[in-house]
Amino acid sequence: MNDAPGVRLTLDEVRALAFTTLRLVGLAPAHADAVADTMVAGERDGCASHGIYRLLVAAASIRAGTVAVDARPVVSDPAPALVRVDGGGGFAQLAFARGLPHLVDKARAHGIAALALTDVVHFAALWPEVEAVAAHGLVALAMTPSHAWVAPAGGTRPVFGTNPIAFGWPRPDGPPFVFDFATSAVARGEIELHRRAGTPVPDDWGYDASGCATTDAAAILDGAMRTFGGHKGSALATMVELLAGPLIGDLTSAESLARDGGRGGSPLGGELIVAIDPAGFLGAAAAVHLRRAEAVFDGIARQGARLPSARRHAARARSLRDGVVIPAALHADILRIGG
Ligand code: NDP
Ligand code: PYC
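Each value, and the rule that gives it
- Residues numbered from 1 in each chain as written.
- Chains lettered and ligands numbered in written order.
- Predicted model: local features only at pLDDT ≥ 70, side-chain atom pairs only at ≥ 80, totals over all residues.
- Heavy atoms only, no water.
- Near = heavy atom within 4 Å.
- Polar contact = N/O pair within 3.5 Å; in protein donor to acceptor, adjacent residues only side chain to side chain.
- Areas by Shrake-Rupley, 256 points an atom, 1.4 Å probe, with all protein chains shown as cover.
- Domains from an automatic or database assignment.
- 1 Å grid on protein atoms, 1.4 Å probe; cavity = no way out; pocket = protein on both sides within 12 Å on 5 of 7 lines; lining within 4 Å.
- Points joined across faces, edges and corners; volume = space filled by probe spheres on them.
- Helix = DSSP H or I, 4+ residues; strand = E, 2+ residues; numbered from the N terminus.
- Nonpolar A, V, L, I, M, F, W, Y, C, P; charged D, E, K, R; others polar.
- Contact = heavy atoms within 4.5 Å.
- Buried area = accessible area lost by both parts, 1.4 Å probe.
- Salt bridge = Lys/Arg side-chain N within 4 Å of Asp/Glu carboxyl O.

Engineer: Could you clarify how one ought to interpret the site of ligand 1 in this entry?
Structural biologist: Near ligand 1 there are 22 residues, and of these A124, D180, A182, S309 and R311 occur at the shortest range. Residue A187 places a main-chain N or O atom 3.0 Å away from an oxygen atom belonging to ligand 1. A distance of 3.3 Å separates an oxygen atom of ligand 1 from a polar backbone atom of R312. Isolated, ligand 1 exposes 920 Å² of accessible area, and the fraction of that covered by the protein chains is 75%. Two domains each provide a minimum of three residues to the shell around ligand 1, namely domain 1 (1-64 + 309-339) and domain 2 (71-184 + 227-307).

Engineer: Please explain empty space enclosed by the protein as it appears in this structure.
Structural biologist: Any space left empty among the atoms is revealed by the rolling of a water-sized probe across them. For the structure shown, the criterion picks out two cavities of 30 Å³ or more. Volume-wise, the largest cavity comes out at about 50 Å³. Every residue lining the largest cavity is counted, 13 residues in all, and those nearest its centre are T144, P145, L268, G269 and G270. Looking at the lining of the largest cavity, the elements that each hand over two or more residues are α9 (253-260) and β11 (268-276). Sort the elements by how many residues they give to the lining of the largest cavity and β11 lands first, with three residues. In this structure, the second largest cavity encloses a volume near 40 Å³. Every residue along the wall of the second largest cavity is listed here: T38, M39, H50, G51, R54, F123, A124, A125 and P128. Tallied by class, residues from the lining of the second largest cavity come to five nonpolar, three polar and one charged. Shared between two domains, the lining of the second largest cavity holds at least three residues of each, these being domain 1 (1-64 + 309-339) and domain 2 (71-184 + 227-307).

Engineer: It is not clear to me how the site of ligand 2 should be interpreted in this structure. Could you clarify?
Structural biologist: Every residue lining ligand 2 is accounted for by H50, R54, H122, F123, A124, W149, T162, A187, R188, G189 and P267. Measuring from a nitrogen atom of ligand 2, one finds a side-chain N or O atom of H50 at 2.8 Å. The separation between an oxygen atom of ligand 2 and a polar side-chain atom of T162 is 2.7 Å. In isolation ligand 2 offers 240 Å² of accessible surface; the protein chains occlude 91% of this area. Here the residues of the shell around ligand 2 are counted per class, giving five nonpolar, four polar and two charged.

Engineer: Looking at this structure, how should I read the domain arrangement of the chain?
Structural biologist: Annotation of the chain at the domain level lists domain 1 (1-64 + 309-339) and domain 2 (71-184 + 227-307). One C-alpha centre belongs to domain 1, the other to domain 2; they are set 23 Å apart. Counting residues at the interface gives 25 residues for domain 1 and 20 residues for domain 2. Both sides of the domain 1 and domain 2 interface together cover about 1800 Å² of buried area, and 63% of this is carbon and sulfur. Of all residues in domain 1, the largest losses of buried area upon contact with domain 2 belong to H31, T38 and S309, amounting jointly to 27% of the total for that side. Taken together, domain 1 and domain 2 are joined by two salt bridges. Here R316 makes a salt bridge to E131, at a shortest N to O gap of 3.0 Å.

Structure follows, in structure tokens:
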């Protein structure tokens, strides 16, 4: 149980804190809007490693000069079912917002479409994006490489990023089914929170710089993280490197880290988002088959197993009602950024 002192804020106050801080460190208003939204969503849904903590991370990238604070995303149309948004070195959130309407239109027109965000800076969770696509009744898949922090199964030196994969499935009677996780044992943000708190981590999260398993969060951040699920996570991490890297003409995690050049900014490169319209294969029968799919979710929930995204929605309801509690030390660090 975490009994560290906290500061209770309404979600409006969290948003104001995020927006004001981002503006103070020089982020242009359109970016500050989009970035603040994603941080508030993370905090609201109880995702501590990708909530308001990310203000420290985003501000560090801005100060390190690794993000273009006033980039203007440029949308292009490489093929009938493809859309590309060149983020111009800015944060990914605004590029995604610009590309989303085109992705939705193209998926409706062709049954399937893909959006490539290129030359963006990524510090965030992917679930807000698949949730936004699923809100249009489309199935969504998103992935992005990061910085080379993660060793392949069988090795101890970093090759992959933490390379998240997110999936969204629209449901007839409620919010979409969504999962979103790193292909590393945990997100790097989780390990950073342990380092901040001075708490040990499980001994299967990573290696120190000499390749030995360790429970010391700082040693893992200087060494290598592990993939989840051994060779299976390792293969999925490889897939993310390829599909959201060379396939869309953007960086691998190793190239991202090299381009950062030790400045300590967030991952640089691309993201791939695929949207599938159930009506593409099924036409008017889509509703019947989506209803049939509900049996899969019932089969999980009926035996007391937890559906991914159920915890987030419960946290969301709580936060909308009661606001959120931010660790006092984090709140103080955020105020210091502004100061
Ligand atoms: P977790 O290991 O906590 O897994 C999160 C996902 O698994 C969520 O969908 C969660 O649902 C679900 N889940 C967790 N526990 C259970 C359970 N017991 N039963 C069923 N479902 C469960 O996340 P990670 O640490 O791997 O990643 C956290 C975040 O970090 C992600 O949002 C990811 O996008 C982000 N990230 C971003 C990166 C980037 O480069 N931009 C890189 C790496 C990670 P629920 O949400 O309901 O808890
Ligand atoms: O937590 O691994 C992570 C991460 C990388 C980029 C954004 N989050």
